[in-house]
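# Report on the structure
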Amino acid sequence: MAETIKSYKTLRLILGDQLNASHSWFKKIQPNTLYIIAELKQEATYTKHHKQKIAVFFAAMEQFAQALIKEGHHVTHLTLDDTKAFKDLPALIRGLCKLHQIEQFEYQLPDEYRLRQQLKDLCKGLSIASQAASSEHFYLPDDEINLYFNKGKRHRLETFYRKMRKRFNVLMEDDMPTGGEWNYDQNNRNKLKPADLVEIPTPLMFANDISEILTRIERHNIKTIGYATDEVLWPVNYKQATELLTFFCQACLPKFGKFQDSMTGKLSLFDEDRGWSLYHSRISFALNCKILSPKQVIDTAIASFHESNGEIDIAQIEGFVRQIIGWREFVRGIYWANMPDYATLNNLSATRALPSWFWNAKTDMHCLHHAIKQSLEFSYAHHIQRLVVTGNF
């Protein structure tokens with residue numbers, strides 16, 4: 001007997017970096033709404049990703065789908081096997097709309113111009129109604145970016161950062177910054193001395209089974225960089241993400257600011273699983289796929305600061321807050337103010353390909369070797385390794 005295909009009024013797309021359980025979409029169960037979470041070859045191959053990155057996204061997407069289903073929402077989770085017949089995301093959406101006799105298609109605004117344009121073009125060609133919603137993630141709403149950023153203009157992080165602190169009352173006492181200074185960057189440039197190495201905390205790492213996902217990636221001939229084993233250390237659900245945030249606040253935040261720009265090769269990458277993580281939070285994946293919100297992260301960290309009885313000083317918490325409400329929001333604003341032209345800028349007239357050792361770390365240049373090898377092994381590099389070492393090559 002053929003399976004009956006259920007009809008729905010509304011189809012809502014959830015992208016792999018939109019795993020926000022607090023979104024207003026999910027405040028109540030809507031039996032006539034179908035949510036779709038799909039692995040797509042389009043997204044896995046538009047550039048060459050780290051193997052762990054693809055795997056952890058797919059794992060988190062599956063976990064999020066299961067959580068929504070448990071709450072009573074109607075969710076279809078599709079793997080690469082399920083979507084292989086569709087050449088791209090628009091083809092999948094059109095197919096699902098037809099299959100389920102959808103009357104309205106809805107999506108959250110993507111954080112990438114390529115995808116935002118693709119979905120906008122898709123909706124123009126649909127014969128049904130469509131609607132784009134906010135992702136409800138960032139401090140600064142999409143429709144207010146133009147109030148802070150102008151295309152082609154120079155913008156200073158410090159000016160923007162202070163405006164954000166004031167507007168959202170972050171580390172403020174009336175109209176003045178907590179501690180009397182806006183920025184303690186001069187206290188964030190310490191070197192790790194031999195006595196400091198023994199105090200570096202062993203990072204909290206998870207052991208999420210991704211063996212089936214890795215097999216699927218291989219089966220669909222997804223080209224990747226980096227290495228992956230059957231278990232991935234990154235958080236793939238809200239519980240793990242909040243555990244990692246709590247660990248950071250307790251074990252790392254007391255010295256985060258002091259050593260946030262530090263690097264060391266004196267802790268063996270394989271004998272000591274501490275040199276790669278240092279005092280960093282490593283919550284970027286959980287933030288970027290929206291399992292955690294920037295407000296939750298900042299509120300949690302500031303609460304730890306106030307409850308620490310001086311163990312976490314102002315330079316540590318301000319250095320962390322600056323990364324989230326400062327740099328993260330600032331770079332996003334610059335991006336959207338200048339796209340799509342931003343993607344083709346080449347002010348340094350760079351034309352040469354990266355050397356082969358960028359993909360295997362086989363170089364005698366110690367800092368580059370260390371940063372690249374760490375990236376290949378852990379799918380992670382902190383901001384100094386990315387900006388100053390590999391990005392400045």
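Structure: see above.
Bear in mind that the values here come from a model prediction, so they are computed numbers and not experimental data.

Quick notes on the rules
Every chain is numbered on its own, with residues counted from 1 as its sequence reads. Totals for whole chains, interfaces and linings use all residues, but because this is a predicted model, local features are given only for residues with pLDDT of at least 70 and pairs of side-chain atoms are given and counted only at 80 or more. Side-chain figures throughout are based on the complete set of non-hydrogen atoms in the structure, without hydrogens or water. Helix and strand definitions follow DSSP, with helices as H or I runs of at least four residues and strands as E runs of at least two, each counted in order from the N terminus. Residue burial is assigned from relative accessible area. The probe radius is 1.4 Å, only protein chains are included, and a residue is buried under 20% of its type maximum, exposed over 50%, and partly exposed in between. The contact criterion used throughout is that any non-hydrogen atoms of two residues lie within 4.5 Å. For accessible areas, the Shrake-Rupley method is used with a probe of radius 1.4 Å. Any residue's cover is judged against the shown protein chains and nothing else. The nonpolar core is taken to be a set of buried Ala, Val, Leu, Ile, Met, Phe, Trp, Tyr and Cys residues, with the residues joined through side-chain atoms within 4.5 Å. Note on aromatic contacts: the rings of Phe and Tyr and the six-membered ring of Trp form a pair at centre separations within 6.5 Å, being stacked when their planes are under 30 degrees apart, edge-to-face when over 60 apart, and tilted otherwise. For helices, the axis comes from a line fit to the C-alpha atoms of the stretch in contact; other axes are also lines fit to C-alpha atoms, and the angle between any two N-to-C directions lies between 0 and 180 degrees. Working rule for angles: under 35 degrees goes down as roughly parallel, over 145 as roughly antiparallel, 65 to 115 as roughly perpendicular, anything else as oblique. Residue classes follow a fixed rule: Ala, Val, Leu, Ile, Met, Phe, Trp, Tyr, Cys and Pro count as nonpolar, while Asp, Glu, Lys and Arg count as charged, and any other residue, Gly among them, counts as polar. Like charges are joined within 9 Å and nonpolar side chains (Val, Leu, Ile, Met, Phe, Trp, Tyr) within 5 Å, but only among residues with over 30% relative accessible area and no salt bridge; these make up the patches. A carboxyl oxygen of Asp or Glu within 4 Å of a side-chain nitrogen of Lys or Arg is what we treat as a salt bridge. For this count, His and the chain ends are skipped, Lys and Arg are scored as positive, and Asp and Glu as negative. By convention, the charge on Lys lies at NZ, on Arg at CZ, on Asp at CG and on Glu at CD. Here, any two strands with at least 2 DSSP bridges between them count as paired. Disulfide assignment relies on a single distance test, namely cysteine sulfur atoms paired within 2.5 Å.

### Focus on the overall build of the chain
From N to C terminus, the chain includes 14 helices and 11 strands. Along the first, second and third principal axes, the C-alpha atoms of the chain reach 70 × 50 × 45 Å. Taking all 393 residues of the chain together, the buried fraction comes to 50%. Residue pairs in contact within the chain that sit at least 24 positions apart in sequence constitute 77% of those at least 6 positions apart. Looking at the chain as shown, the accessible area adds up to about 20,400 Å², and 50% of this sits on carbon and sulfur atoms.

### Let's talk about the nonpolar core
Core analysis: the largest hydrophobic core is formed by 84 residues, its most contacted members being Ile-14, Phe-149, Ile-317, Phe-320 and Val-321. Among the secondary structure elements, those contributing two or more residues to this core are strand 2 (33-38), helix 2 (51-71), helix 6 (157-168), helix 8 (211-219), helix 9 (238-259), helix 10 (284-288), helix 11 (294-307) and helix 12 (314-338). Other than its neighbours up to four places away in sequence, Phe-320 contacts Phe-248, Leu-253, Phe-256, Gln-260, Ser-281, Ile-283, Val-297 and Ala-301. With 23 residues, the next largest nonpolar core counts Leu-15, Ile-93, Leu-109 and Leu-122 among its residues.

### Some details on the packing of aromatic side chains
Applying the stated criterion to the full structure yields 23 aromatic pairs. With a centroid separation of 5.8 Å and an interplanar angle of 20°, the aromatic rings of Phe-259 and Tyr-279 are classed as stacked. Separated by 20 residues along the polypeptide, Phe-259 in helix 9 and Tyr-279 in the loop between helix 9 and helix 10 bring together distant segments of the chain. Across the pair, Tyr-279 and Phe-259 agree in class, each one buried. Within the aromatic cluster, the residues linked to one another by ring pairs are Tyr-148, Phe-149, Phe-160, Trp-327 and Phe-330.

### Quick look at the packing of helix 6 against helix 12
The N-to-C vectors of helix 6 and helix 12 enclose an angle of 105°; their axes lie 9 Å apart at closest approach. On the basis of their axis angle, the class for helix 6 and helix 12 is roughly perpendicular. Each of Leu-157, Phe-160, Tyr-161, Met-164, Arg-165 and Phe-168 in helix 6 lies in contact with helix 12, whose residues at this interface are Glu-318, Val-321, Arg-322, Ile-325, Gly-326, Trp-327, Glu-329 and Phe-330. Looking at the contact of helix 6 with helix 12, its residues break down into 9 nonpolar, 1 polar and 4 charged.

### Remarks on the environment of Tyr-335
Examined against the element boundaries, Tyr-335 turns out to sit in helix 12. For the pair Tyr-335 and Asp-111, spaced 224 residues apart in the sequence, the C-alpha separation amounts to 9.7 Å. Setting aside chain neighbours within four positions, we find Tyr-335 in contact with Asp-111, Glu-112, Tyr-113 and Tyr-342.

### With respect to a negative patch on the surface
On the surface, Glu-62, Asp-209, Glu-212, Asp-230 and Glu-231 cluster together into a negatively charged patch. You can see Asp-209 is positioned in strand 9 (residues 208-209).

### Some thoughts on the sheet that holds strand 2
A sheet is described by the order of its strands in space; here 5 strands give the open sequence 4-2-1-5-6, paired in parallel fashion. Edge positions in the open sheet fall to strand 4 (74-78) and strand 6 (129-133), since each of these has one partner strand only. Across the sheet, the axes of successive neighbouring strands diverge by a mean angle of 20°, strand direction being ignored. Pairing analysis gives 5 bridges linking strand 5 (residues 104-108) to strand 6, with the strands arranged parallel. Each residue of the ladder has a partner; that of Gln-104, found in strand 6, is Ala-129. Of the strands in this sheet, strand 1 (10-13), strand 2, strand 4 and strand 5 touch helix 4 (residues 89-99), which is tilted by about 155° from strand 1.

### Overview of the pairing of strand 1
Because side chains alternate across strand 1, one face comprises the buried residues Thr-10 and Arg-12, and the other comprises Leu-11 and Leu-13, equally buried. The pairing of strand 1 with strand 2 spans 4 bridges and is classified as parallel. By the bridge assignment, Arg-12 is partnered in strand 2 with Tyr-35. Pairing analysis gives 4 bridges linking strand 1 to strand 5, with the strands arranged parallel. Residue pairing across strands places Arg-12 opposite Glu-106, the latter belonging to strand 5.

### Remarks on the state of the cysteines
Summed over the entire model, instances satisfying the criterion amount to 0 disulfides. In this structure Cys-123 is a free cysteine whose sulfur lies 8.9 Å from that of Cys-97, the closest cysteine sulfur available. Free of any disulfide, Cys-249 has its nearest cysteine sulfur in Cys-252, 9.2 Å distant. With a relative accessible area of 4%, Cys-249 lands in the buried category.

### Structural notes on the environment of His-306
Turning to its location among the elements, His-306 is positioned in helix 11. Residues His-306 and Leu-115, 191 residues apart in the sequence, show an inter-C-alpha distance of 41 Å.

### Describing unusual backbone geometry
The amide bond that connects Met-339 to the next residue, Pro-340, takes the cis arrangement and shows omega of 5°. As for its placement among the helices and strands, Pro-340 is situated in the loop between helix 12 and helix 13 (366-378). Notably, Asn-309 is not glycine yet its phi reads approximately 55°, a positive angle. Mapping Asn-309 onto the fold places it in the loop between helix 11 and helix 12. Accessibility expressed as a relative area gives 78% for Asn-309, which makes it exposed.

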